[in-house]
Amino acid sequence: MPLQVLDHPLAGHLLAALRDKSTPPEQFRRLSKSLTTLLVLEATRRVGTKEIEVETPIQKTAARVIGQKLAVVPILRAGLGMLEPAVDLFPDVAVGYIGLERHEDTAVARSYYSKLPDLEGRYTLCLDPMLATGGSASQAVALIRSCGAEQITMVCVVAAPEGVARFEASHPGVPIVAACLDEKLNERKYIVPGLGDFGDRLYGTP
Ligand code: PRP
Ligand code: URA
């Protein structure tokens, strides 16, 4: 169960354009948002609901609505490209931020910022497009847990097998929703075939 790959033709279509190295930042940002909408829909499939009564123009009827508080936590910087669609879908969501940056040579993630709300009882999504070594996601989810979250889902665009294995070992039972499981990591710990450096492509940095 832990890794769930989004099985939808539109997800594949959007991911193909994200992978394309000729896609410019402006289009890359739009594609990221569209794909994140699909990922967040899947990642919130198990959110708690409750029954209410509504009155249509015809008569009263029972209806199910979201019955649980949610939170989203993007990992800076690339995860910011996934925040807006999550907030658009769930306007009442609480938002926390975690800043992590991989060292260029070692690929070890260093924490430089953290601002999280109380996450107790909240259905919490951690957003980061790339699960490469899994170091960033594992650190982030440890922080999220320390704020009281118990129902957590990791939401990614592309995952590498090495990262999935490390994340599962660190946080058994925490599901990962991704658009694709790629082949492997290269010698620089980039995902193959991947889509390059997501943050750089999102913001047009070299
Ligand atoms: C990227 C990406 C993830 C991390 C994944 O961020 O957005 O956070 O690498 O790699 P890992 O699984 O090996 O930890 P990066 O550190 O490049 O920072 P950025 O988002 O600011 O570009
Ligand atoms: N971070 C990225 O942005 N891309 C990768 O392939 C690995 C880490």
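Residues numbered from 1 in each chain as written. Chains lettered and ligands numbered in written order. Predicted model: local features only at pLDDT ≥ 70, side-chain atom pairs only at ≥ 80, totals over all residues. Heavy atoms only, no water.

Draft legend 1. Just the side chain of Ser32, in detail. In this fold, Ser32 is placed in helix H2 (residues 25-43). Side-chain polar atoms of Ser32 contact the backbone oxygen of Phe28, separated by 2.8 Å. Dropping the residues within four chain positions of it, Ser32 is found in contact with Leu18, Gly81, Phe198 and Leu202. (Helix = DSSP H or I, 4+ residues; strand = E, 2+ residues; numbered from the N terminus. Polar contact = N/O pair within 3.5 Å; in protein donor to acceptor, adjacent residues only side chain to side chain. Contact = heavy atoms within 4.5 Å.)

Draft legend 2. Focus on the site of ligand 1. Among the 15 residues in the neighbourhood of ligand 1, the closest are listed as Arg102, Asp128, Thr133, Gly134 and Ser136. At a separation of 2.6 Å, an oxygen atom of ligand 1 approaches a polar side-chain atom of Thr133. One of the side-chain nitrogen or oxygen atoms of Ser136 is found 2.5 Å away from an oxygen atom of ligand 1. Among the secondary structure elements, those contributing two or more residues to the shell around ligand 1 are strand S6 (97-102), strand S9 (130-131) and helix H4 (135-146). The leading source of residues in the shell around ligand 1 is S6, at three residues. Partitioned by chemical class, the residues of the shell around ligand 1 number six nonpolar, four polar and five charged. (Near = heavy atom within 4 Å. Nonpolar A, V, L, I, M, F, W, Y, C, P; charged D, E, K, R; others polar.)

Draft legend 3. Local environment of the environment of Ala94. With respect to the element layout, Ala94 can be found in strand S5 (residues 94-95). As a C-alpha pair, Ala94 and Asp118 span 24 residues in sequence and 9.1 Å in three-dimensional space.

Draft legend 4. Summary view of the site of ligand 2. The environment of ligand 2 is made up of Arg102, Met130, Ala132, Lys189, Tyr190, Ile191, Gly196, Asp197 and Phe198. Here an oxygen atom of ligand 2 sits 2.8 Å away from a polar atom, N or O, in the main chain of Ile191. Phe198 is positioned with one of its backbone polar atoms (N or O) 2.8 Å from an oxygen atom of ligand 2. A total of 230 Å² of accessible area belongs to ligand 2 in isolation, and the protein chains cover 89% of it. (Areas by Shrake-Rupley, 256 points an atom, 1.4 Å probe, with all protein chains shown as cover.)

Draft legend 5. The arrangement of the sheet that holds strand S11 (residues 158-159) in detail. Pairing is parallel across the open sheet formed by three strands, whose spatial order is S9-S11-S13. In this open sheet, the two edge strands, each paired with only one partner strand, are S9 and strand S13 (180-181). In the sheet, S11 pairs with S13 via two bridges, with the strands oriented parallel. Opposite Val158, over in S13, you have Cys180 as the bridge partner. (Pairing = 2+ DSSP bridges.)

Draft legend 6. Up close: the packing of aromatic side chains. Counted according to the given criterion, the structure contains one aromatic pair. Here the basic side chain of Arg102 rests over the ring of Tyr190, its NZ or CZ set 5.3 Å away from the ring centre. (Phe/Tyr/Trp six-rings, centres within 6.5 Å; stacked < 30°, edge-to-face > 60°. Lys NZ or Arg CZ within 6 Å of the ring centre and 35° of its normal.)

So far we have only geometry, and geometry alone does not tell us how the molecule works.
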